[in-house]
Amino acid sequence: MRLRDYKKIIYYLKSTGICVASAGGCWFLYQLHQISEKVRAAVASNVLQLENLHVQYIYVDDPRLKDIFMFREKDDLNSYVKENPQNLTQIIIKWWKTLNRSLAYRLLHMARNGSKEEREKAVYSLSNLKHLKDWHYRGLAQMLDARTAVSLARMPNTDLRFFLQPPYYHEKHKLFDLIERTHTILLKLDNLCQSCHPCLKQFINRKFKDFHREGLIFDHDLVSVGLAVPPAINWDPEFLQNCLQAIHHHSSLEQHSKDVVDVGGLSVLTNIQNNFDNNLNIKILLAKILSNLSLHSDCLDDIFRSGWIGILAQWSRDEDIRLASPAARALANLDLDDNKGEMYSQSIFPLHPLQRYRTQRKMDVIFIHGLLGGVFVTWRQRDSHLIPAEIVDPCSEEYSNDSFTEIIKGYPQEFVKDLAEDLKMHEWKRIGHDFEVVLHDCPINVNYQACGPYTCKGDDNCMQEGKEKSCKTQCWPKDWLSKDVPSVRVIGINYDTKLSTWTPLCPIEGMRSTIKERSDEFIRKLVLAGVGKKPVVWICHSMGGLLAKTMLVEEWKNGDKHNICKMSKGIIFYSTPHQGSSAAALNQASEMLVWPSIEVKELREQSPKLIDLHANFIKMLDNFPMDIVSFSETKSTLVTALKLKFQFVKPKSADPGIGEFFEIPQDHFSICKPANRQSFLYQKVLSIIRKNVDNATQEKSLKE
């Protein structure tokens with residue numbers, strides 16, 4: 001009986017196990033089916049066939065088919081193409097590549113059709129995909145839409161093979177043909193605006209007065225053999241550059257910035273880029289024209305179809321900031337998924353970041369240059385021949401003895417230099433933390449509120465220059481602040497100024513040359529760029545400081561409706577003439593001869609407008625306190641044209657009477673150009689920015 005009971009128990013257990021296993025298997029298959037349905041609902045199951053919709057090329061990616069056109073018979077082809085035996089490693093690699101390609105197409109589908117968050121994640125993942133073959137990139141490029149292409153173009157690691165070449169990129173045009181097409185664009189622009197732009201009309205009449213379309217090419221063909229008289233127009237790249245300057249000037253006017261697209265000028269600009277890819281000046285002009293067009297989001301499809309997205313992506317990574325910044329500005333304006341409605345207008349240039357940046361922005365730092373300056377001129381690093389000689393490091397002499405010379409005998413000179421530098425750096429890392437290093441450009445006089453820093457530790461980051469000693473930066477706000485405070489956005493304001501009204505002005509732009517008129521224009525453009533949403537630090541040189549003060553005072557008078565005053569946390573003045581400059585004073589005879597511009601007149605010493613502006617600025621600070629740091633020049637500046645030296649801004653005028661004040665042994669032009677990252681002129685600015693970034697972070701954490 002007991003045996004029979006055991007058998008029944010075993011039978012029941014087996015039956016129960018089989019039922020449980022069957023039920024579990026059915027449940028697992030059901031869950032797998034449900035997951036599959038959800039995946040198919042999120043990503044189309046036929047996503048791998050999407051490339052068939054836009055196929056333009058056939059990519060042969062098998063070396064066995066390189067001689068396919070040698071065979072005419074089917075038997076020959078079949079006998080030639082044979083499957084090579086594959087081992088396990090090759091099968092795994094092939095499977096991984098297939099999976100990687102499948103993932104790329106799925107990410108592209110999500111970037112095109114997903115929600116905003118899904119598109120952002122898909123674009124980020126797609127830009128970081130590697131190990132795709134060339135034909136994979138080309139196939140994906142044919143499937144890109146304009147919005148996804150711009151998003152990829154703004155990612156710093158995107159492979160440029162994601163972007164198709166412009167149409168007919170393989171064609172090379174002759175110079176006179178490009179000039180003829182540019183002339184046609186200029187005529188269409190003039191007709192479209194009904195000749196309301198005098199500058200454009202004057203340029204066409206002056207530069208193309210002897211231009212006759214009939215027989216143009218024929219005459220050029222005969223000039224080379226001496227059978228025709230050369231035309232009056234100089235057919236050289238400089239003349240083409242002048243034409244592009246005229247187009248850029250016309251597109252800079254807000255009411256005419258879209259005209260270039262309306263007259264079909266994008267294809268002509270693409271042809272010019274294709275023929276002058278090595279001409280930096282022409283590329284800069286083209287990038288500025290495209291950045292003006294980018295203010296109109298409805299032009300995105302036209303810009304994309306003409307092949308400009310890939311070109312702008314390449315230019316935005318260029319080492320020359322004059323090309324990278326306008327190209328990055330164009331892409332940022334066109335990137336509707338990321339710009340959050342913030343647009344960079346004419347005269348507003350992003351300096352950092354130039355691509356999409358995953359770090360959250362904590363502060364805006366705005367740079368404003370002075371009279372006759374420029375965003376790509378004023379903020380350069382100081383020339384090396386102007387940097388004073390330094391004391392020779394005694395530790396470097398330890399390796400110059402006879403025994404060391406004997407050891408390195410026979411080695412190349414480059415190896416010896418590298419070895420000596422490595423030994424020096426090794427020794428410095430060992431003992432550097434025990435030293436305080438005095439900063440370059442230390443002040444020779446300060447007020448009672450001044451508080452450094454005047455030195456830095458030997459092992460601080462600013463001392464680890466490495467290659468920076470030999471690589472001079474053309475824009476220290478971009479190259480240095482992006483490393484030391486990567487969470488800030490750096491913006492540069494650029495504007496044209498003149499010393500004399502003899503210089504021709506553009507009538508259609510109006511008289512926007514007074515400080516008040518310029519400040520109204522810049523406030524509107526800065527608000528459009530999103531300034532006022534985050535804390536702001538202003539960094540100004542010369543007349544740029546007066547512009548910043550005027551903007552803040554006018555906003556204060558208008559009730560600070562854009563939060564510009566509220567969010568302003570600091571201002572750094574580099575030789576700003578708060579009480580005017582004696583260099584702007586002219587006697588009556590000189591004034592009649594020079595006919596000074598409005599900018600020069602407003603900078604006169606003890607100008608009533610400047611005195612009134614400064615009084616209102618002090619009152620504004622009572623309601624909106626902020627850090628004030630002022631640097632004053634102490635050396636005279638050599639004016640090469642007159643062979644004379646002037647001290648443009650004296651310490652009395654450069655001292656606003658509030659905040660920290662430092663007298664620096666530099667002239668007017670070099671005071672805003674730090675010698676290096678160990679310069680007091682830079683380290684003081686950096687300390688103010690870091691202080692306010694930390695305060696903003698603490699305030700945000702307290703609110704949360």
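The rules behind these values
Residues numbered from 1 in each chain as written. Predicted model: local features only at pLDDT ≥ 70, side-chain atom pairs only at ≥ 80, totals over all residues. Heavy atoms only, no water. Helix = DSSP H or I, 4+ residues; strand = E, 2+ residues; numbered from the N terminus. Buried < 20%, exposed > 50% of the residue type's maximum accessible area, 1.4 Å probe, protein only. Contact = heavy atoms within 4.5 Å. Axes fitted to C-alpha atoms, helices over the stretch in contact; angles between N-to-C directions. Parallel < 35°, antiparallel > 145°, perpendicular 65-115°, else oblique. Left-handed = near helix turned anticlockwise from the far one by under 90°. Nonpolar A, V, L, I, M, F, W, Y, C, P; charged D, E, K, R; others polar. Pairing = 2+ DSSP bridges. pLDDT = per-residue confidence, 0-100.

Here we look at the overall build of the protein chain
Logical step 1: Along the backbone of the protein chain there are 28 helices and 12 strands.
Logical step 2: With 704 residues in all, the protein chain has 44% of them scored as buried.
Logical step 3: Intrachain contacts of the protein chain at a sequence separation of at least 6 include 77% that bridge at least 24 residues.

Thoughts on the packing of helix α12 (residues 265-275) against helix α13 (residues 280-293)
Logical step 1: Running from N to C, α12 and α13 cross one another at 155 degrees; their axes reach a closest spacing of 10 Å. By the angle between their directions, the pair α12 and α13 is classed as roughly antiparallel. Read as a crossing pair, α12 and α13 show a hand that is left-handed. Facing α12, whose interface residues are L266, L269, I272 and Q273, α13 presents I282, L286, I289, L290 and L293.
Logical step 2: Here the contact of α12 with α13 is composed, by residue class, of eight nonpolar, one polar and no charged.

Let's talk about the pairing of strand β2 (residues 363-368)
Logical step 1: Counting buried positions over the six residues of β2 gives six, a clear majority of the element.
Logical step 2: Residues of β2 alternate between two faces, with M363, V365 and F367 on one and D364, I366 and I368 on the opposite face, all of them buried.
Logical step 3: Pairing between β2 and strand β6 (residues 488-493): six bridges, direction parallel. Of the residues in β6, the one forming a bridge with I366 is I491.
Logical step 4: Taken together, the five bridges between β2 and strand β7 (residues 536-541) define a ladder with parallel strand orientation. The partner of I368 across the bridge, within β7, is C540.

So, the confidence of the model for the protein chain
Logical step 1: The share of residues in the protein chain with pLDDT of 70 or more is 72%, and the mean pLDDT across the chain is 80.
Logical step 2: Counting contacts from residues 388-401, a segment whose pLDDT is below 50, to residues more than four positions away or on other chains yields 11 contacts.

Let's talk about unusual backbone geometry
Logical step 1: Cis geometry marks the peptide bond from H352 to P353, where omega comes out at -10 degrees.
Logical step 2: When you line up the elements, P353 lands in the loop between β1 (348-352) and β2.
Logical step 3: Within the chain, S347 stands out as a residue other than glycine whose phi angle is a positive 85 degrees.
Logical step 4: Within the fold, S347 resides in the loop between α16 (321-334) and β1.
Logical step 5: By relative accessible area, which is 11% here, S347 ends up buried.
Logical step 6: Positive phi is not limited to glycine here, since N563 has a value of about 65 degrees.
Logical step 7: Its place among the elements puts N563 in the loop between α22 (543-557) and α23 (564-567).

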